[in-house]
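Below, each chain spelled out in residue letters.
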Amino acid sequence: MNAPRTTLRTHAVAARCLLLLTLVLGLAYPLAITAAGQLALPWQANGSALASGGVTVGSSLIGQSFTDEQGRPLQRYFQPRPSAAGDGYDGAASGGSNLGSQNPELVATITQRRHDIASLEAVPPADIPADALTASASGLDPHISPEYALLQVRRVAAARGLSEASVRRLVEASIQGRELGFLGEPTVNVLRLNLATDGLKD
């Protein structure tokens, strides 16, 4: 005689728990975290968006390509490191190639990239830094090494009709130091650098 009542009570308790947890974890908690983010770090919470002429052109935290419709590098812009995320910098497919260092496909890809960059920048293949040839683990890295940025100064300056000295100074001013002074390596944010280059005049 007690079985139906016990089952009904069990279902009622489960339903109340589901409703409570939905309200707390599905509504109250996300709203509280969103409010905290907006109050404490609004720029970061809204995607760290960068704008040019009042138009959002990207995020300082997510890399993007600077190529034409055929996928060729735009001469007037600094180029980012390669991306293995989807078709390139695809936030929905973030990740690396997951190919081992001796994988023939990866070796061929790096060899081709080395050839292409050496041709684009008119430099010896041995001068090309590793980050210009390999994708990051996320495929969304917005930074390159100062060495890779400086390697591109001659091309960008020539394409824009600027002196190499002024473009080099801009790159050097754009170098971000190690996190907390000792974590990681110095980097250059490509989108920030390209936006700054757009406003550069000799």
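Further up the page is the structure itself.
Before going into details, it helps to say that this report is about the structure given with it. Per chain, residues are indexed from 1 in the order of the written sequence. Only residues with pLDDT of at least 70 get local features here, since the model is predicted, and only at 80 or more are side-chain atom pairs given and counted; chain-wide, interface and lining totals rely on the full set of residues. Hydrogens and water are ignored here; the side-chain numbers use all heavy atoms of the structure.

Regarding the pairing of strand S2 (residues 55–59)
Looking at chain direction, strand S1 (residues 49–52) and S2 are connected through 4 bridges and run antiparallel. Bridging across to S2, Ala49 finds its partner in Ser59. The hairpin formed by S1 and S2 contains 2 residues between the paired strands, and Gly53 there has a positive phi angle of roughly 65°. Two strands are said to pair when DSSP picks up at least two bridges between them. Secondary structure elements are taken from DSSP: a helix is a run of H or I of four residues or more, a strand is a run of E of two residues or more, and numbering for both begins at the N terminus.

A short note on empty space enclosed by the protein
Cavities and pockets were defined on a 1 Å grid built from protein atoms only: a cavity is a group of points that admits a 1.4 Å probe but offers it no way out, a pocket is an open group of points flanked by protein on both sides within 12 Å along at least five of seven lines, and a lining residue is one with an atom within 4 Å of any such point. Grid points are joined across faces, edges and corners, and a volume is the space filled by probe spheres set on the points. Under the counting rule described, the total for this entry stands at 1 cavity of 30 Å³ or more. The volume enclosed by the largest cavity comes to roughly 40 Å³. We call Asp, Glu, Lys and Arg charged. Ala, Val, Leu, Ile, Met, Phe, Trp, Tyr, Cys and Pro are nonpolar, and the rest, Gly among them, are polar. Counted by class, the lining of the largest cavity contains 6 nonpolar, 3 polar and 1 charged residues.

Some remarks on the packing of helix H5 (residues 153–160) against helix H6 (residues 164–173)
It is the contact of H5 with H6, at a shortest axis distance of 9 Å, that shows an interaxial angle of 125°. It follows from the interaxial angle that H5 and H6 lie oblique. The two elements H5 and H6 cross, and the hand of that crossing is right-handed. When H5 is examined against H6, the residues Val153, Arg154, Val156 and Ala157 are found in contact with a partner set consisting of Glu164, Val167, Arg168 and Val171. Throughout, an axis means a line fitted to C-alpha atoms (over the contacting stretch in the case of helices), and angles, computed between N-to-C directions, take values from 0 to 180 degrees. To sort the angles, those under 35 degrees are grouped as roughly parallel, those over 145 as roughly antiparallel, those from 65 to 115 as roughly perpendicular, and the leftovers as oblique. What makes a crossing left-handed is the near helix being turned counterclockwise from the far one by less than a right angle; a clockwise turn instead makes it right-handed. Two residues qualify as a contact provided that any one of their heavy atoms is within 4.5 Å of a heavy atom in the partner residue.

Digging into the sheet that holds strand S5 (residues 187–189)
Spatially, S3-S5-S4 is the arrangement adopted by the 3 strands of the open sheet, whose pairing is antiparallel. Each edge of the sheet is formed by a strand with only one pairing partner; in this case those strands are strand S3 (143–144) and strand S4 (175–176). This element, helix H7 (residues 190–198), spans S3, S4 and S5 of the sheet and lies at about 60° to S5.

Considerations on the side chain of Asp131
With respect to the element layout, Asp131 can be found in the loop between helix H3 (104–121) and S3. Note on classification: 1.4 Å probe, protein chains only; a residue is buried when its accessible area is under 20% of the maximum for its type, exposed when over 50%, partly exposed between these limits. The convention is simple: Lys and Arg are positive, Asp and Glu are negative, and His and the chain ends are not counted. Think of a salt bridge as a Lys or Arg side-chain nitrogen and an Asp or Glu carboxyl oxygen that are within 4 Å of each other. Despite its burial, Asp131 remains without a salt bridge, the nearest opposite charge being carried by Arg81 at 5.5 Å. A polar contact is formed between the side chain of Asp131 and the side chain of Ser145, at a distance of 2.8 Å. When neighbours within four sequence positions are excluded, Asp131 is seen to be in contact with Arg81, Pro82, Ile144, Ser145 and Tyr148. We call two N or O atoms a polar contact when they sit within 3.5 Å, provided that within protein one can donate a hydrogen and the other can accept it, with sequence-adjacent residues counted only if both atoms are side-chain atoms.

Things to note about the packing of aromatic side chains
Only rings of Phe, Tyr and Trp enter the pairing, Trp through its six-membered ring, and a pair is recorded when the two centres are within 6.5 Å. The plane angle decides the type: under 30 degrees is stacked, over 60 is edge-to-face, the rest tilted. Inspection of every chain in the model, using the stated rule, returns 1 aromatic pair. With a centroid separation of 5.5 Å and 35° between ring planes, the pair formed by Phe66 and Tyr77 is classed as tilted. Remark: Tyr77 occurs in the loop between S2 and H3 and Phe66 occurs in the loop between S2 and H3; sequence separation between them is 11 residues. Two thresholds decide whether a charge sits over a ring: the Lys NZ or Arg CZ must be within 6 Å of the ring centre and within 35 degrees of the ring normal. One cation-aromatic arrangement involves Arg76 over Tyr77; the distance from NZ or CZ to the ring centre is 6.0 Å. Over the ring of Tyr77 we find Arg160, and its NZ or CZ is 5.0 Å from the ring centre.

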